[in-house]
Amino acid sequence: MPPMYMFPASGVVMLGFALLIVTWHSYIAVAPFPPAPIGSPALVTAMAPASRVTVASMLLYYIFLFVQTSTAFFTNTKAKEAAAARGDKAPSFRSIKYSNATNSGAVLRADRTVGNYLEQLPPFLVSLWLYAFYVSAPGAESVGYAWLAARALYPFVFSKGVPYLFLSTFPAYGFIWYMLFKVFTATLTL
């Protein structure tokens with residue numbers, strides 16, 4: 001199994017391939033696209049909405065990472081206090097953060113929030129940028145913020161389980177598939 005740092009890197013690679021395909025297709029198959037040379041003020045302005053959503057998605061990612069680590073630190077502190085009160089050996093921070101030795105629901109929730117976000121981030125970013133290029137950059141921004149809102153709901157509904165968890169996951173999947181469907185239909189006429 002690849003190291004965990006490979007998962008975000010694979011998302012970047014997927015996004016890079018999608019942008020390469022879009023660029024290649026633009027110059028080879030559809031001459032009028034892009035509407036302006038790469039890096040021109042017109043193209044930068046046109047893609048600004050998707051860029052804002054991308055920045056917001058990275059901000060949410062780092063918020064989830066901060067919560068994940070702070071939850072492990074808090075749980076470790078409580079576990080040490082409980083072990084000291086019982087006269088037992090305290091679990092290590094590593095055993096709590098990386099194997100959830102205390103079986104803490106909070107640690108599991110934080111871990112799954114980060115894990116599920118990383119699972120869904122590559123398809124989201126690819127569909128967001130394809131939608132921005134082929135359909136509508138302002139539309140990509142609207143759908144992108146809706147996706148982020150659904151993802152931000154995940155840690156709150158995770159501990160409630162099914163069916164509440166679906167309040168976060170199903171809309172987020174739907175937003176991705178909506179963008180992909182619109183891209184597919186937009187490219188049928190090219």
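Fair warning: this is a prediction, and the values are worked out from it, not measured in the lab.

K.L.:
Could you give me a rundown of the overall build of the protein, with the residues and numbers involved?
P.N.:
Of regular secondary structure, the protein possesses six helices and zero strands. Counting across all 190 residues of the protein, residues that qualify as buried make up 39%. Residue pairs at least 24 apart in sequence account for 69% of intrachain contacts in the protein once pairs closer than 6 positions are excluded. Counting every atom, the protein has about 10900 Å² of accessible surface; 72% of that belongs to carbon and sulfur.

K.L.:
So what's going on with a nonpolar patch on the surface? Residues and values would help.
P.N.:
A cluster of nonpolar side chains, contributed by Leu 59, Ile 63, Phe 66 and Val 67, occupies part of the molecular surface with about 400 Å² of accessible area. Residue position: Phe 66 is located in helix 2 (residues 41-86).

K.L.:
Could you give an account of the packing of helix 4 (residues 105-134) against helix 5 (residues 137-158), with specific residues and numbers?
P.N.:
Where helix 4 contacts helix 5, the two axes come as close as 10 Å, and the packing angle between them is 170°. Relative to helix 5, helix 4 is oriented roughly antiparallel. Judged by residue contacts, Leu 108, Arg 109, Arg 112, Thr 113, Asn 116, Tyr 117, Gln 120, Leu 121, Phe 124, Leu 128, Tyr 131 and Ala 132 of helix 4 engage Ala 137, Gly 139, Ala 140, Gly 144, Trp 147, Leu 148, Arg 151, Tyr 154, Pro 155 and Phe 158 from helix 5. Looking at side-chain class alone, the contact of helix 4 with helix 5 contains 14 nonpolar, five polar and three charged residues.

K.L.:
Can you explain the side chain of Ser 95? Please cite residues and give values.
P.N.:
Within the fold, Ser 95 resides in helix 3 (residues 93-99). Since its relative accessible area comes to 18%, Ser 95 is described here as buried. Engagement of the side chain of Ser 95 in a polar contact is seen with the backbone oxygen of Ser 92, the distance being 2.8 Å. With near-sequence residues (within four places) excluded, Ser 95 lies in contact with Asn 100 and Ala 101.

K.L.:
So what about unusual backbone geometry? Which residues, and what values?
P.N.:
The omega torsion across Val 162 and Pro 163 is 10°, close enough to zero to call that bond cis. Among the structural elements, Pro 163 can be located in the loop between helix 5 and helix 6 (166-187).

K.L.:
Before we move on, can you summarise the environment of Thr 45 with the specific residues and values?
P.N.:
Inspection of the secondary structure puts Thr 45 in helix 2. In terms of polar contacts, Thr 45 uses its side chain to reach the backbone carbonyl oxygen of Pro 41, at 2.8 Å.

K.L.:
Break down the side chain of Arg 151 for me, with residues and values.
P.N.:
For Arg 151, the position within the fold is in helix 5. No salt bridge forms around the buried Arg 151; measuring N to O, its nearest opposite-charge neighbour Glu 119 is 7.0 Å away.

K.L.:
Kindly report on the packing of aromatic side chains, identifying the contributing residues and their values.
P.N.:
By the definition in use, this model includes 11 aromatic pairs. Taking 5.8 Å as the distance between ring centres and 35° as the angle between the ring planes, the aromatic pair formed by Tyr 154 and Phe 158 counts as tilted. In this pair, Tyr 154 and Phe 158 are both assigned in helix 5, four residues apart and thus about one turn of the helix distant. When sorted by exposure, Tyr 154 lands in the same class as Phe 158, which is buried.

K.L.:
Break down the environment of Tyr 178 for me, citing the residues and quoting the values.
P.N.:
Note on placement: Tyr 178 falls in helix 6. Spatially, the C-alpha atoms of Tyr 178 and Tyr 131 are 9.5 Å apart, while their sequence positions differ by 47 residues. Residues within four places of Tyr 178 in sequence aside, it is in contact with Tyr 131 and Val 143.

K.L.:
I'd love a proper account of the pattern of salt bridges, names of residues and values included.
P.N.:
Scanning the entire structure with this criterion turns up four salt bridges. With its nearest N and O atoms 3.8 Å apart, the salt bridge here joins Glu 81 to Lys 78. With a gap of three residues between them, Glu 81 and Lys 78 both fall in helix 2, about one helical turn apart. On the basis of relative accessible area, Glu 81 is assigned to the partly exposed category, the value being 44%. Taking relative accessible area as the criterion, Lys 78 reaches 43% and is therefore assigned partly exposed. Arg 112 is the salt-bridge partner of Glu 119, the closest N and O atoms lying 3.2 Å from each other.

Reading guide: rules and limits
- Residues numbered from 1 in each chain as written.
- Predicted model: local features only at pLDDT ≥ 70, side-chain atom pairs only at ≥ 80, totals over all residues.
- Heavy atoms only, no water.
- Helix = DSSP H or I, 4+ residues; strand = E, 2+ residues; numbered from the N terminus.
- Buried < 20%, exposed > 50% of the residue type's maximum accessible area, 1.4 Å probe, protein only.
- Contact = heavy atoms within 4.5 Å.
- Areas by Shrake-Rupley, 256 points an atom, 1.4 Å probe, with all protein chains shown as cover.
- Patch = residues over 30% accessible without salt bridge, like charges linked within 9 Å, V, L, I, M, F, W, Y side chains within 5 Å.
- Salt bridge = Lys/Arg side-chain N within 4 Å of Asp/Glu carboxyl O.
- Axes fitted to C-alpha atoms, helices over the stretch in contact; angles between N-to-C directions.
- Parallel < 35°, antiparallel > 145°, perpendicular 65-115°, else oblique.
- Nonpolar A, V, L, I, M, F, W, Y, C, P; charged D, E, K, R; others polar.
- Polar contact = N/O pair within 3.5 Å; in protein donor to acceptor, adjacent residues only side chain to side chain.
- Lys, Arg positive; Asp, Glu negative; His and termini not counted.
- Phe/Tyr/Trp six-rings, centres within 6.5 Å; stacked < 30°, edge-to-face > 60°.

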